[in-house]
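# Survey of secondary and tertiary structure
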Amino acid sequence: MVLHFIVNPSAKNGKCKKIWGKIERELQRRHIHYHVVFTQKQGDGAKLAQQFAEQKHEPFILIAVGGDGTIHEVMNGVAMYDHVAVGYIPAGTGNDFARGIKLPTKWNKVFDHILSSIKHTGDHLYDIGIFQGTKRGIFVNNVGCGFDAQISRKVNASKWKHILNQLYLGKFVYVFYLLKELFTYQPTAVQLTVDQKQYVFSKVWLVTVANHPYYGGGMKIAPFAQSNDQHFDVVVVDDVSRLKLLALFVTVFWGGHVKMKGVHTFKGKYIRVTSHTALPLHADGEQIGEGEITILVNKQIRVVK
Ligand SMILES: Nc1ncnc2c1ncn2[C@@H]1O[C@H](COP(=O)(O)OP(=O)(O)OP(=O)(O)O)[C@@H](O)[C@H]1O
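Computed from a predicted structure; not experimentally measured.

### Concerning the overall build of the protein chain
Check the secondary structure of the protein chain and you find 9 helices and 17 strands. Its C-alpha radius of gyration of 19 Å places the protein chain within 12% of the 19 Å reference for a compact globule of 305 residues. Overall size of the protein chain, expressed as C-alpha extent along the three principal axes, is 60 × 45 × 30 Å. Considering the protein chain as a whole, with its 305 residues, one finds that 44% of them fall into the buried category. At a minimum sequence separation of 6, the contacts of the protein chain that also span at least 24 residues come to 73%.

The following block contains the structure:
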């Protein structure tokens, strides 16, 4: 058997390249046949993954090495092909997908798990979500509408992000924009459809549609979400003061925010979010434009872990 890898050497501020070096030595030490390709820029993960899937006709395992952006791209490339099982070795800064599927934190433990799963054909099924707004695609962690998407949009556009990331101070850019938007963002009326039911909220800060609990590098935004139940958890934050929203960003680290007044939770397979204002949107932290969005549980993919 040959293991196929897609590695994003730039993930974790370039540390992923070193982690791959260690994985490669381990593969050679164990005499495991492997084939590796490296991403060179944004979008390569999806293209390379799709190329693998189209070239191969027998079932195979494709292992992504990088952060949430890398697994997002790889899943987008292979989600429609039933002969691919995906593995993931976390080597990013946030690693929410790894938390979501309960992977060990150390790469060598994940690697051992993958190898023993392969021997015992221990694949797990993972829900794949499809979003359709101004853009269409697959998400693996969550889709966000509103305040949080606005922060990630500002962070990604910031010239400071790259500079501070190099100094391992990238989180400060998030904190800066979180505080800035906390004082300037205008909550808006939102109509939400979850399966056949419709809800109207008047002052929405954010709507998150989550496949598993974790978000933004370990925040437990949807504490009860399960990535294999073929449903998504929806969290709406509506009509809370700016001060309370700040408190929410503390309690969210242990999932305590779901008990706060103004936080509403739902579960469904079909979710639609509309608003009269152009809501900023993200999928797995990547910008996907603004406006209305529809989200569906699409299918399940085999994950080796
Ligand atoms: N060779 C490359 N150079 C620069 N960027 C790349 C390269 N290959 C991929 N990318 C892009 O890097 C971005 C970040 O990658 P990724 O999310 O995996 O790492 P991270 O940001 O360190 O981790 P996390 O998302 O878990 O915080 C992705 O959007 C991806 O498209």
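### Re the nonpolar core
Membership of the largest hydrophobic core comes to 84 residues, with the highest contact counts inside it found for Val-65, Met-75, Val-86 and Val-207. Residues from two domains meet in this core; each of domain 1 (2-121) and domain 2 (136-298) gives at least three. Look past the residues within four positions of Val-207 in its chain and what remains in contact with it is Cys-145, Gly-146, Val-190, Leu-192, Val-234, Val-236 and Val-273.

### Brief notes about the site of the ligand
Taken together, 21 residues form the shell around the ligand, and within it Thr-39, Gly-67, Gly-69, Gly-92 and Gly-94 come nearest. Looking at the shell around the ligand, the element that brings in the most residues is helix H3 (residues 68-78), giving 4 residues. Residue classes in the shell around the ligand are distributed as 2 nonpolar, 14 polar and 5 charged.

### Points about the domain arrangement of the protein chain
Per the domain assignment, the segments of the protein chain are domain 1 (2-121) and domain 2 (136-298). Contributions of two or more residues to the side of domain 1 that touches domain 2 are made by H3 and helix H4 (96-100). With 6 residues, H3 is the largest single contributor of residues to the side of domain 1 that touches domain 2. Split into classes, the residues belonging to the side of domain 1 that touches domain 2 amount to 5 nonpolar, 7 polar and 3 charged.

### Looking at the pairing of strand S5 (residues 123-132)
Judged from the 10 bridges that link them, S5 and strand S17 (residues 293-304) form a sheet pairing that is antiparallel. Note on S17: the bridge partner recorded for Gln-132 is Thr-294. In the sheet, S5 pairs with strand S6 (residues 136-139) via 4 bridges, with the strands oriented antiparallel. Of the residues in S6, the one forming a bridge with Gln-132 is Arg-136. Connecting the antiparallel pair S5 and S6 is a turn made up of 3 residues.

### Remarks on the environment of Tyr-215
If you trace the backbone, Tyr-215 turns up in strand S10 (residues 214-215). Those residues within four positions of Tyr-215 in sequence are excluded, and the remaining contacts are Asp-96, Asn-142, Thr-208, Ala-210 and Ile-221.

### Here we look at the pairing of strand S14 (residues 270-274)
Burial along S14 is one-sided: Ile-271 and Val-273 are buried, and none of Tyr-270, Arg-272 and Thr-274, which face the opposite way, are. Pairing of strand S8 (residues 188-194) with S14, which is carried by 4 bridges, proceeds in the antiparallel orientation. Across the sheet, residue Thr-193 finds its bridge partner in S14, namely Arg-272. As paired strands, S14 and S17 are joined by 4 bridges and run antiparallel to one another. Counted as the bridge partner of Val-273 is Ile-293 from S17.

### Focus on the packing of helix H2 (residues 44-55) against H3
Running from amino to carboxyl end, H2 crosses H3 at an angle of 40°, the nearest separation of the two axes being 7 Å. With respect to the hand of their crossing, H2 and H3 are arranged in right-handed fashion. Here Gly-45, Ala-46, Lys-47, Leu-48, Ala-49, Gln-50 and Ala-53 of H2 come into contact with H3, specifically with Thr-70, Glu-73, Val-74, Asn-76, Gly-77 and Val-78. The class makeup of the residues in the contact of H2 with H3 is 6 nonpolar, 5 polar and 2 charged.

### Some words on the confidence of the model for the protein chain
With 98% of its residues at a pLDDT of at least 70, the protein chain reaches an overall mean of 93. If you check the scores for this complex, the pTM reads 0.93 and the ipTM reads 0.96.

### Focus on helix H1 (residues 15-29)
Here H1 is 15 residues long and its end C-alpha atoms lie 22 Å apart, about the 21 Å a rise of 1.5 Å per residue gives. For H1, every residue scored as buried is listed here: Cys-16, Ile-19, Trp-20 and Ile-23. Buried residues of H1 fall within an arc of 100° about the axis and therefore sit on the same side. Facing away from the buried side of H1, by more than 90 degrees, are the exposed residues Lys-18, Gly-21, Arg-25, Gln-28 and Arg-29. Elements in contact with the buried residues of H1: strand S1 (2-7), strand S3 (60-66), strand S4 (84-90) and helix H5 (107-119).

Each value, and the rule that gives it
Residues numbered from 1 in each chain as written. Predicted model: local features only at pLDDT ≥ 70, side-chain atom pairs only at ≥ 80, totals over all residues. Helix = DSSP H or I, 4+ residues; strand = E, 2+ residues; numbered from the N terminus. Rg over C-alpha atoms; globule rule 2.2 N^0.38 Å. Buried ≥ 20, exposed ≤ 12 C-beta atoms within 10 Å, placed from the backbone. Contact = placed C-beta atoms within 7 Å. Core = buried A, V, L, I, M, F, W, Y, C linked by C-beta atoms within 7 Å. Domains from an automatic or database assignment. Near = placed C-beta within 6 Å. Nonpolar A, V, L, I, M, F, W, Y, C, P; charged D, E, K, R; others polar. Pairing = 2+ DSSP bridges. Axes fitted to C-alpha atoms, helices over the stretch in contact; angles between N-to-C directions. Left-handed = near helix turned anticlockwise from the far one by under 90°. pLDDT = per-residue confidence, 0-100. Expected span 1.5 Å × (residues − 1). Arc of directions from axis to C-beta.

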